[in-house]
Amino acid sequence: MTTLAIIGGGIAGRSLLYALSSHHFKYEEILFFDSPEFASPCALNSTAIVAPRGVSAGHSPLGDLILEGLAIFKQHCEKDHPAGVFPISQYTGALTKLDQFARRYPTALKVQNLGEIKLKAEVLFAEEEAFMIDPVLYLPWLTSQAEKKLSIRHIREFVIGLDKANSTIMTQNKAKYSADHVVFATGSMSKHWKDLSTHPKLNSSKAIQGSYLEFSNIHWELPTFSITLEGCNLIHRKHSGKVLIGSSTDELAHNLPPIQELKRIYELLANILELKLPAFDLGEVKVGHREKAQKREPYLFTEGNVSFMGGFYKNGYSLSLRQSKSLVDQLRELV
Ligand SMILES: Cc1cc2nc3c(=O)[nH]c(=O)nc-3n(C[C@H](O)[C@H](O)[C@H](O)COP(=O)(O)OP(=O)(O)OC[C@H]3O[C@@H](n4cnc5c(N)ncnc54)[C@H](O)[C@@H]3O)c2cc1C
């Protein structure tokens, strides 16, 4: 019997389940460990836009990986029509360092409206093809699709130990599970597994706090969109009547959000957009911890019977699928 254990049920772990199921590659059983009660998934506290963000091919390994991830994600959307994924325009603009911005976004133009959204003044903006993901819909969709083809045992326990010699997994309940191969897709929690490997990417990875405000019951007569101005995001999720404003990033190891920074972001957007934003105090603060590895590059490596997949900092939603497909190829060689 061949058993695969996947530890982590964020976008990385679920993209792997999905990739395994869509490649018709079967383990007899998959032990799928996830314990949101112990570690809140960053994937559920994410603005979750995937977009090229001015990246062009041939300039950096990360840039090329981002573009490859986007192409794979686009193909996935066109072929599989996943729940909770919406094609959108990503509008990215700048008020400062305009020359630098124009080099990154050669198609940027000074405009006074972004589609149906009016601006209070002319601002340099670029428009890109992108996807808005609603994690509340997309994450369960991935699992439900995988469950149609794979035998998945969902174990809602927190993994506290792995004996590499015999691939025995221990959980907080003192339960033990055996697997032929173990994949860690534990997001910012991966930092606790550094003693299992000397790989430089895993060892240099750290948790970065991100936060944003989520406003509910918003009924704008506008399509779903994402605007990023000077790094400040405004996202309208029409289907759920939500508006997200943020997001701050900081090397904080706790869940207390930097309210002053969120206020600054809110005011910058309110000063430029001809949109009546909901009152600041009505926003529910959301906090996530994402994993930042060296050069913000995601990692994927296998050592013996253990694989690590993580470091999803930007475009985590598309890069997870790209890395999962590569991991499936690696696992196919091993079985
Ligand atoms: C504010 C903010 C905005 C963001 N914006 C975007 C964006 O616009 N676009 C984008 O693509 N990405 C964005 N990201 C990043 C994106 O959310 C992450 O890349 C992604 O969520 C990482 O997914 P993951 O599966 O690696 O980790 P997570 O989502 O954190 O999932 C890890 C899972 O593993 C489980 N786990 C951990 N340890 C154990 C254990 N020992 N035993 C059992 N279970 C365990 C946890 O409970 C969790 O469910 C943003 C992040 C933040 C915080």
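Predicted model, so just to flag it, every value in this text is computed and none were measured. (Residues numbered from 1 in each chain as written. Predicted model: local features only at pLDDT ≥ 70, side-chain atom pairs only at ≥ 80, totals over all residues.)

1. Focus on the overall build of the chain
Across its full length, the chain carries seven helices and 18 strands. Expected size for 335 residues packed as a compact globule is a radius of gyration near 20 Å; at 20 Å, the chain falls within 12% of this value. Projecting the C-alpha coordinates of the chain onto the three principal axes gives extents of approximately 65 × 40 × 35 Å. The buried share of the chain, taken over its 335 residues, is 40%. When contacts within the chain are restricted to residue pairs at least 6 apart in sequence, those whose partners lie at least 24 apart make up 73%. (Helix = DSSP H or I, 4+ residues; strand = E, 2+ residues; numbered from the N terminus. Rg over C-alpha atoms; globule rule 2.2 N^0.38 Å. Buried ≥ 20, exposed ≤ 12 C-beta atoms within 10 Å, placed from the backbone. Contact = placed C-beta atoms within 7 Å.)

2. Here's the deal with the site of the ligand
Taken together, 40 residues lie around the ligand, and G10, G187, G210, G288 and G316 are the ones closest in. Tallied by class, residues from the shell around the ligand come to 19 nonpolar, 19 polar and two charged. The residue makeup of the shell around the ligand includes at least three contributed by each of domain 1 (1-84 + 134-205 + 295-335) and domain 2 (87-132 + 206-292). (Near = placed C-beta within 6 Å. Nonpolar A, V, L, I, M, F, W, Y, C, P; charged D, E, K, R; others polar. Domains from an automatic or database assignment.)

3. Remarks on the sheet that holds strand β1 (residues 3-7)
In space, the six strands of this open sheet follow the order β7-β2-β1-β11-β18-β17, with mixed pairing throughout. The strands lining the two open edges of the sheet, one partner per strand, are β7 (152-155) and β17 (299-303). Direction aside, the axes of adjacent strands within the sheet are offset by 15° on average. Each of β11 (181-184), β17 and β18 (306-310) is contacted by helix α7 (residues 316-334), which is oriented at about 15° to β17, the strand it contacts most. (Pairing = 2+ DSSP bridges. Axes fitted to C-alpha atoms, helices over the stretch in contact; angles between N-to-C directions.)

4. Section: helix α1 (residues 11-22)
Quick reminder: α-helices carry 3.6 residues per turn. Residues three or four places apart thus point the same way. Its 12 residues place the ends of α1 16 Å apart at the C-alpha level, agreeing with the 16 Å of an ideal helix rising 1.5 Å per residue. Judged by how many residues are buried, α1 sits mostly within the fold: 11 of 12 residues are covered. For α1, the full list of buried residues reads I11, A12, G13, R14, S15, L16, L17, Y18, A19, L20 and S21. (Expected span 1.5 Å × (residues − 1).)

5. Brief notes about the domain arrangement of the chain
Split into domains, the chain comes out as domain 1 (1-84 + 134-205 + 295-335) and domain 2 (87-132 + 206-292). Taking only C-alpha atoms, the centre of domain 1 and the centre of domain 2 are 27 Å apart. Listed per partner, the contact involves 24 residues of domain 1 and 28 residues of domain 2. Each residue belonging to the side of domain 1 that touches domain 2 can be placed in one class, and the counts come to 10 nonpolar, 10 polar and four charged.

6. Observations regarding the packing of α1 against α7
Contact geometry of α1 with α7 gives a least axis separation of 8 Å together with a crossing angle of 45°. In this view, α1 runs oblique relative to α7, as classed from their interaxial angle. Here the hand of the crossing between α1 and α7 comes out right-handed. The segment α1 lies against α7, with I11, A12, S15, L16, A19 and L20 engaging G316, Y317, S320, L321, S324, K325, L327 and V328. Taken together, the residues that form the contact of α1 with α7 break down as nine nonpolar, four polar and one charged. (Parallel < 35°, antiparallel > 145°, perpendicular 65-115°, else oblique. Left-handed = near helix turned anticlockwise from the far one by under 90°.)

7. Observations concerning the pairing of strand β2 (residues 29-33)
Counting buried residues along β2, four of its five residues qualify, which places the element largely inside the surrounding structure. Relative to β2, β1 is paired through five bridges, and the arrangement is parallel. When the bridges of β2 are listed, T3 appears paired with E29. Relative to β7, β2 runs parallel, the two being bridged by four bridges. Pairing of I30 across the sheet is with I152, part of β7.

8. Digging into α7
Compared with the 27 Å implied by 1.5 Å per residue over 19 residues, the 26 Å span of α7 between its first and last C-alpha is a close match. For α7, the full list of buried residues reads G316, Y317, S318, L319, S320, L321, R322, Q323, S324, K325, L327 and L331.

9. Considerations on the environment of P52
Its place among the elements puts P52 in the loop between β3 (49-50) and α2 (61-80). C-alpha separation for the pair P52 and D250, spaced 198 residues apart in sequence, amounts to 23 Å. Apart from the residues within four sequence positions on either side, P52 is in contact with I66, L67, L70 and E128.

10. Comments concerning the sheet that holds strand β8 (residues 159-163)
For sheets, the rule is that strands pair by backbone hydrogen bonds, running either parallel or antiparallel. With antiparallel pairing, three strands are arranged side by side in an open sheet as β8-β9-β10. Each end of this open sheet is capped by a strand with a single partner; those strands are β8 and β10 (176-178). The sheet shows a mean angle of 25° between the axes of neighbouring strands, direction not considered. In this sheet, β10 lies alongside strand β9 (residues 168-171) in antiparallel orientation, the contact comprising three bridges. Within the sheet, the bridge partner assigned to T168 lies in β10 and is S178.

11. Observations concerning the environment of A130
As for its position among the elements, A130 is in strand β6 (residues 117-133). For the pair A130 and L70, spaced 60 residues apart in sequence, the C-alpha to C-alpha distance is 8.6 Å. Those residues within four positions of A130 in sequence are excluded, and the remaining contacts are I49, V50, A51, I88, S89, Q90 and S226.

12. Quick look at unusual backbone geometry
Here the amide bond leading from G246 into S247 is cis, since omega sits at -10°, within 30 degrees of zero. As for its placement among the helices and strands, S247 is situated in strand β15 (residues 242-250). Phi angles above zero are rare outside glycine, and H81 is one such case at about 45°. Relative to the assigned elements, H81 resides in the loop between α2 and β4 (85-94).

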